[in-house]
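Examination of the molecular architecture
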Number of protein chains: 2
Amino acid sequence: MEAAKQNESRRVLAVDIGGSKVLCGVVDGTGQVLCSQGEPLDKDTGLDGLMSAVRRCGERVLQQCNPVKKTQVGIDAVGATVPGLADAKRGLWVYAPFSGLSDIPIARMLSEMFGAPAAIENDVNACALAEMRFGACREVRDFLWVTVSNGVGGAVVLDGRLYTGAHGNAGEVGHLCVEEDPAKALRCGCGRDGCLEAMASGTGLARRYAEPGVSAKDIGARARAGEPKAREAMARTGEYLGRAIADCVNILNPSAVILGGGVSQDFDLFSDALVRVYRARVFARANPDVRIRQTALGYNAALLGAAALGLDVMSSRIEPNRAESIKSRGE
Amino acid sequence: MEAAKQNESRRVLAVDIGGSKVLCGVVDGTGQVLCSQGEPLDKDTGLDGLMSAVRRCGERVLQQCNPVKKTQVGIDAVGATVPGLADAKRGLWVYAPFSGLSDIPIARMLSEMFGAPAAIENDVNACALAEMRFGACREVRDFLWVTVSNGVGGAVVLDGRLYTGAHGNAGEVGHLCVEEDPAKALRCGCGRDGCLEAMASGTGLARRYAEPGVSAKDIGARARAGEPKAREAMARTGEYLGRAIADCVNILNPSAVILGGGVSQDFDLFSDALVRVYRARVFARANPDVRIRQTALGYNAALLGAAALGLDVMSSRIEPNRAESIKSRGE
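Residues numbered from 1 in each chain as written. Chains lettered and ligands numbered in written order. Predicted model: local features only at pLDDT ≥ 70, side-chain atom pairs only at ≥ 80, totals over all residues. Heavy atoms only, no water.

1. Quick notes on the relation of the copies chain B and chain A
Under the fitted operation, chain B is carried onto chain A by 0.0 Å of movement along the axis and a turn of 180°, and the coordinates agree to an RMSD of 0.0 Å. In short, the pair behaves as if placed about a two-fold rotation axis. The share of interface residues of chain B whose copies in chain A are also at the interface is 100%, consistent with both copies meeting through the same surface. (Least-squares fit on C-alpha atoms with pLDDT ≥ 70 in both. Contact = heavy atoms within 4.5 Å.)

The following block contains the structure:
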């Protein structure tokens, strides 16, 4: 009970930086989002514009959370997620795919901006952290997180810890080849053909459906309304995901696979096809009872991941290296 | 210097139990095989016959190692590798594929037989341990080991530790599907078609070559002599391996991939094809400079893995659980 109360009394500012908007929330130690605010980002916003938007959005949510005194609510830490490549230990946003910015000391900048220690992580990895702390994987030590959105990304949790690989890029499930047929394989942003990201992302789904102006979300709505072409397009999404997930499961031998991101909101429309192809390709004897599920955290997964990062800064669960880099900011 | 001497003075009995023979060696702490002996196994040998062969082979090598006194050399520990499924923590040989035996308390049996603490591991995992302790991966914290032999198996080392997955089956690279074409896909022992094991193992190579009585080793010799059909068959082995390895690298983001097992002795005959397909499929930006190499440990990899297990029993590097299960044998 005491621990639960302590968790409730913690306040972190969670910042989810996306390609087209910033989302800020005040989150307590139990994962309750107490308040949240969004701020759109111009496509061509540079670093100054981005950081101004983060400041405006963050200050607004801190005030919203403390309406009586008309001042900002106090926070214990800041956690932020960024798209692209992040070096969590050094607090660096290594590469920002939309703007092309690189090597931004974003953790230090946020720490100075909001007067609290800050930690950052790649948005996909952060979703896995959220799943571990607040979601379905609190008791699961080995799982794969897959974001299916405009792109497809993955994060790997092994032995209860985020595993990021030798170069920080483990779980790049989006670049598994899932379409060998040159007549069907779409060109991927990475330059190769038939990658999961090219075939099964929201963008890939819309390209396969091939009606100008019709988005992945529209296709989901049409499939729900029973349109055969849309239902077929959604089923193919499931087949591609099933294939890639089976390969990942064969290699990682996890207990669960959790899907998040916008396209995963239509999980029910493609899960039958996913499971059918998965079952045909997985080495079942070695991988019994792998749960494949849509996240229960919905669109808040990355924001809650940012909150988890902030809470980690406060607690001793933080890795020594990260603690050091945070400490060194005070010099 | 002192540590090096201490390593040299250690003696472990390494036992490599295979499908058709037992190999025993006395190995020192630096990985020097001081003596070794083999003993063939009848295909239908039950557990008693197997353990008798292990005893004969082990006693012979212990005497060989101490010829002056005509007694057995003293050993500090026993390490053993077994084919099939092993539960290293509990010292159990869970499933022996050739004999169909299951749940054999093999570590306890070996400990009683040779009067020293014993540890066991699956043979493929043990090869990865050997590579970490004695091979090319002493400084590598993240790598994939692939055994290409009568079957194909894999072992995953992450953050400097053997990662075995939620059910002890991580790295099952042999059951990745690498041949989609039904006309070419061979049936795998797991019941599915086109698995890496079915296509690229020694058995798969011989099936593809399709001349009665011609083994994988013979095909290697013919390829070396320049026979086009054999060269083509070897190149296909490389293509299948390249495809599976690229998928593994995309998911695991390792620093190195090490190939062992009988077929890997012909690495030079298929490495060009392997690297070509690997490069076409890997997400290169996320995975720069992955070294793909044939093991330098040769046919001794599993025996040295067994030695590494024995050395681990002696040192504090042993996992607490394993130490407990060893202690409990003394009750």
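2. Section: the sheet that holds strand β7 (residues 102-104) of chain A
Residue and element names in this part refer to chain A. Spatially, three strands are ordered β5-β6-β7 in an open sheet, and the strand pairing comes out antiparallel. Lying at the two open borders of the sheet, with one neighbouring strand each, are β5 (85-87) and β7. Strand-to-strand twist of the sheet, defined as the mean angle between neighbouring strand axes without regard to direction, takes the value 20°. Here β5 pairs with strand β6 (residues 92-95) via three bridges, running antiparallel. Within β6, the position partnered with Ala86 by the bridge is Trp93. (Pairing = 2+ DSSP bridges. Helix = DSSP H or I, 4+ residues; strand = E, 2+ residues; numbered from the N terminus. Axes fitted to C-alpha atoms, helices over the stretch in contact; angles between N-to-C directions.)

3. Points about the packing of aromatic side chains
All names here are of chain A. Within this structure, the stated rule accounts for two aromatic pairs over all chains. Consider the rings of Phe267 and Phe270, whose centres lie 5.7 Å apart with planes at 80°: the pair is edge-to-face. Taken together, the positions of Phe267 and Phe270, both in helix α9 (residues 267-281) and three residues apart, correspond to about one turn of that helix. Among the residues examined, Phe267 registers a relative accessible area of 12% and is labelled buried. Using a relative accessible area of 0% as the deciding quantity, one classes Phe270 as buried. In this structure, Lys229 packs its charged tip against the face of Tyr209, placed 4.2 Å from the ring centre. (Phe/Tyr/Trp six-rings, centres within 6.5 Å; stacked < 30°, edge-to-face > 60°. Buried < 20%, exposed > 50% of the residue type's maximum accessible area, 1.4 Å probe, protein only. Lys NZ or Arg CZ within 6 Å of the ring centre and 35° of its normal.)

4. Digging into the sheet that holds strand β5 (residues 85-87) of chain B
Residue and element names in this part refer to chain B. The sheet built from three strands is open, its strands ordered β5-β6-β7 with antiparallel pairing. Strand pairing shows two members of the sheet lacking a second neighbour, β5 and β7 (102-104), which therefore form its edges. Averaged over all pairs of adjacent strands, the angle between strand axes in this sheet comes to 20°, irrespective of strand direction.

5. Description of the interface of chain B and chain A
Counting residues at the interface gives 37 residues for chain B and 37 residues for chain A. Considering only the surface of chain B that becomes buried against chain A, Tyr163(B), Ile251(B) and Phe283(B) emerge as the three largest contributors, covering 20% of it. Applying the counting criterion to the chain B and chain A interface returns six salt bridges. One salt bridge connects Glu180(B) with Arg243(A), and the closest N-O pair in it is separated by 2.9 Å. (Buried area = accessible area lost by both parts, 1.4 Å probe. Salt bridge = Lys/Arg side-chain N within 4 Å of Asp/Glu carboxyl O.)

6. A few points about the pairing of strand β1 (residues 11-17) of chain A
Residues and elements named next belong to chain A. Taking burial as the measure, the seven residues of β1 include six buried ones, the bulk of the element. Bridge count between β1 and strand β2 (residues 21-28): seven bridges; the pairing is antiparallel. Looking across to β2, one finds that Val15 is bridged to Cys24. Inspection of the sheet shows β1 paired to strand β4 (residues 77-82) by five bridges, in the parallel sense. Across the sheet, residue Val12 finds its bridge partner in β4, namely Ala77.

7. A short note on the nonpolar core
Ranked by internal contacts, the top residues of the largest apolar core, which has 96 residues, are Leu259(A) and Leu259(B). Apart from the residues lying within four places of it in its own chain, the contact partners of Leu259(A) are Val146(A), Val148(A), Leu241(A), Ile245(A), Ser264(A), Phe267(A), Phe270(A), Leu274(A), Ile292(A), Arg293(A), Gln294(A) and Thr295(A). (Core = buried A, V, L, I, M, F, W, Y, C linked by side-chain atoms within 4.5 Å.)

8. Thoughts on helix α8 (residues 228-252) of chain B
For an α-helix, 3.6 residues make a turn, and residues three or four places apart therefore share a direction. Residues and elements named next belong to chain B. Here α8 spans 35 Å end to end across 25 residues, near enough to the 36 Å set by a 1.5 Å rise per residue. Counting buried positions over the 25 residues of α8 gives 19, a clear majority of the element. A positive backbone phi angle near 50° is found at Asn253, which sits one or two residues after α8. (Expected span 1.5 Å × (residues − 1).)

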